[in-house]
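Listed below are the residues making up each chain.
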Amino acid sequence: MDISRHWRNRKQRYRLVGEVCPHCGAKLFPPRDVCPHCGMEAKTVETLVGTGTVYAFTTVRQAPSDFAEQSPYVVALISLDDGPMLTAQLTDLGDVEPYVGMRVEMVTRKLRNADDERGLIIYGYKFRPVLERALA
Amino acid sequence: MPELLRPERPVGIVGYGAYVPRYRLPAKEIARIWTQGRGGLPIEEKAVPGLDEDTITISIEAARNALARAGIDAELLRAVWVGSESHPYAVKPSSTIVAEALGATPFTQAGDWEFACKAGTEAMVAAFGLIGSGMADYALAIGADTAQGRPGDALEYTAAAGGAAFIIGPAEESLAVLLGTLSYVTDTPDFWRRAQQPYPEHGMRFTGEPAYFHHIGSAARAFLEATNTTPQDYTYAIFHQPNAKFPQRIAKQLGFSPEQIAPGLVVPTVGNTYSGSAILGLTATLDVAKPGDRILVVSFGSGAGSDAMAFEVTDLIEERRALAPATQDYIRRRTEIDYATYVRWRGKLVLK
Amino acid sequence: MDDIVITGIGFTPVGEHWEVSLRELATDAALKAMQESGGLRPQAVYVANQYAPVLSRQANVGVLVADFIGLHDVEAATVEAGGASGMMALRAAYLAVASGEADVALALGVEKSTDRVGPDVETALSVVLDADYEAEHGLTPAAQAALLMQRYIHEYNAERAAFAAFPVLAHRNAVGNPAAMFRRAIKESTYRRATMLSDPLNLFDAAPLADGAAAVLVARRSVLPPEMPQPLVRIAGFGIANDTLALHDRDDPLDFAAVRSSVESACKRANCSLEEVDFFELYDAFSIYVPLILEAAGFAPRGEGWKMGQDGSLELDGKLPILTMGGLKARGNPGGATGLYQVAEAVMQLRGQAGDNQIPNARRALVQSLSGPASLAATTILEPAP
């Protein structure tokens, strides 16, 4: 059964908890303790804001077994406003056609079942087109 | 006659939030499959959760909206309580996952609630007590569901997904202050589900008078008597909404006008969100209410019981309202699906 | 310094070998390489393999293969670096011999992709990605390449149809390679109608995973007898560079920086310039990799690599032939073995043994394998030994 890896990553998956480099100020996600920009130690915890832009996206039509039940689905590279880029599915598109440059916001959704219907449910980040509001 | 439950320390709603999935299954599409399109329809369409949604994801978004309106740090929540009849795990509380996702862990009370459609208001009443007793300053109560209907059954037309979240706190920080609450509960078997069964049983016409109407009516009348008020003393009233007819009928029976229940009547285009039902009506009402308005909410949960509670809206509503999406923002966001897509998404196909 | 030379090569045909096992494939290739080398026996064996632990429930492949080849008391280990495993096995053999710790070393790559079938294989392929932050979100290697392809087309206004040129070239060249998995030319119309794997990437944009084994025997020149059965090929230099593992961690995802670094350091080591390269066996796991590699290596300006498929420069008789024996697309991509197929094919060209596909006067080969989208680039330059 797949347990500890998912549990260890929960704060990253649920809330985009990353790091900020105390030397050069860069925000890091996922946390990696060594700043890739300036090479110095970076262990200060920082929660990133879940807004960003679609850098690229694709519709996966030959899914791995773990994701077969959701196929087809859209996976994208998202450029977060806070700086880092990450890989995530786009969700809640409805009839909206995604496009490079689309503004998106993070939501917490089911990623998959860890093993089968008896296993853990893995929750994590996905991104959807920004919800339109009557009052802003 | 019983007295109202009212804490010594005045409490209220510091923040509220709603969530409704974007997908809609029209009732006439269900009828197309099951009745050749004949017969009356209890609602227009219902909200269907996407493949990646469940009671936990719905609760998380509603709660994030409530936090945005409350303007408090999640770490200040001393209780996170999720009420539902479709918790994703039979054992492992939705509340712990929601609490983690909000950043409320670790120093918080967390535990799940169940009482059919009134699990959300149950959590709210407990939160009134927690804060009202002075044990804590903020508690989060959520009602959310992704209710399943047996294919072809009458309830399939209305069983929907959605949820609402309320952060209960001190009255002086509230956008709506609690005037009091009262519960009316009996052992009445109008609707239930045994542990290993996928779909519930319901008592058909027995769910009407002996269940829905008796409990809401009794709770509402007792509440009005205990507070020495009449329907005219309230700006708005919200009742549990399993379909479009029942809340309109009970409103009329009790003496409330169609205008009073209008903003809170979301069932025609959302469906019955079970533990979210009455309280989504509350969020929709708070979205339009003005300072000084009085709102009566009477929920109903099968098994059976009703929680009646009333609030008075404060000046803080204007500045807090715009801090998160409105209930209608979610309702307006709509993508129609067909019955086949619905069947696939709701796991009604045997894949293994 | 004493030259490090390739004395022999051996490989199986690439394909779906349902009846042949991992150990049998490896033994076949190894014996051929050792035979070509006049019966030389290695003191060290480095076996490249990517997926045996997941697909065949077999780890410890280096030890298994050494045993079944019939070698005992030798140094043996598995080498894994994603798609660059084969090249890195060659690197390990080279270092063993160059350091003097061994006189002769065997670099072998083997893959049994068909030991498992169905969507589980797609899940297994994703182990080369960032497990926690790429694969966990449903990314696959094909989806990752599709993201690159989409962005590339968007940024450079490249023509989608132009990507057909690369698989079409690969298949055309594979006609002359008896060991290739697919030996028939394909038409552009076939390409256009191919099934979508991950928009905009279709079936022909992705090299097929396959079964195969390839072996390369390496030795210090000074330990060899004066007459050897095959012309010797010298390893003139290596250049190996890494980048971030995950594509989303790149500063500029369309810049295969590791390709650039590794080509530059290989050329420096081999004391040659890009212009002196006669052909380039590059890692075409996905058609989008081709222009990205050509641009990063310095053969085309940024954003224009895709045009090289249009003007004939990449053909066998062009100024920079690539995929001379079919490349990954048509010869096939047997995982850990692929890099060593690339090397073996380059060796055949340099020996003058490439048959119908012979490049006239082939004197210097640039051979490169990638792990993922150049998360690692391992480059070697080969020349006929003087």
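Source: prediction; values computed, not measured.

### Comments concerning the overall build of chain B
Part 1 of the argument: Helix and strand content of chain B: 12 helices and 14 strands.
Part 2 of the argument: For 352 residues, the compact-globule estimate of 2.2 N^0.38 gives 20 Å, and chain B sits close to it at 19 Å.
Part 3 of the argument: Buried positions account for 56% of the 352 residues belonging to chain B.
Part 4 of the argument: In chain B, the proportion of contacts linking residues at least 24 apart, taken out of those at least 6 apart, comes to 78%.

### Some thoughts on the interface of chain A and chain B
Part 1 of the argument: With 22 residues of chain A in contact, the opposing surface of chain B contributes 24 residues.
Part 2 of the argument: For the side of chain A that touches chain B, the secondary structure elements donating two or more residues are helix H2 (10-15), strand S9 (103-113) and strand S10 (121-129) of chain A.
Part 3 of the argument: Here the side of chain A that touches chain B takes four residues from S9 of chain A, the largest share from any one element.
Part 4 of the argument: Residues that form the side of chain A that touches chain B fall into these classes: eight nonpolar, four polar and 10 charged.

### Structural notes on the domain arrangement of chain B
Residue and element names in this part refer to chain B.
Part 1 of the argument: Once the domains are mapped, chain B shows domain 1 (11-175 + 319-345) and domain 2 (176-317).
Part 2 of the argument: Domain 1 puts 49 residues into the contact, and the matching count from domain 2 is 46 residues.
Part 3 of the argument: Mapped onto the side of domain 1 that touches domain 2, the elements with two or more residues apiece are strand S1 (11-19), strand S3 (45-48), helix H4 (119-132), strand S6 (139-146), strand S7 (161-170), helix H10 (316-321) and helix H11 (327-332).
Part 4 of the argument: The residue inventory of the side of domain 1 that touches domain 2, partitioned by class, reads 25 nonpolar, 13 polar and 11 charged.

### What about the interface of chain C and chain A?
Part 1 of the argument: At the interface, 27 residues of chain C touch 28 residues of chain A.
Part 2 of the argument: Counting only elements with at least two residues in the side of chain C that touches chain A, the list comes to helix H5 (119-125), helix H6 (141-156) and strand S5 (196-198) of chain C.
Part 3 of the argument: In terms of residue count, H6 of chain C provides more of the side of chain C that touches chain A than any other element does, seven residues in total.
Part 4 of the argument: Broken down by class, the residue content of the side of chain C that touches chain A amounts to 10 nonpolar, nine polar and eight charged.

### Here's the deal with the pairing of S1 of chain B
Residues and elements named next belong to chain B.
Part 1 of the argument: S1 sits mainly inside the fold: nine of its nine residues count as buried.
Part 2 of the argument: One ladder, built from eight bridges, connects S1 with S7; its direction is antiparallel. Bridging from a neighbouring strand, Gly15 pairs with Ile167 of S7.

How each quantity is defined
- Residues numbered from 1 in each chain as written.
- Chains lettered and ligands numbered in written order.
- Predicted model: local features only at pLDDT ≥ 70, side-chain atom pairs only at ≥ 80, totals over all residues.
- Helix = DSSP H or I, 4+ residues; strand = E, 2+ residues; numbered from the N terminus.
- Rg over C-alpha atoms; globule rule 2.2 N^0.38 Å.
- Buried ≥ 20, exposed ≤ 12 C-beta atoms within 10 Å, placed from the backbone.
- Contact = placed C-beta atoms within 7 Å.
- Nonpolar A, V, L, I, M, F, W, Y, C, P; charged D, E, K, R; others polar.
- Domains from an automatic or database assignment.
- Pairing = 2+ DSSP bridges.

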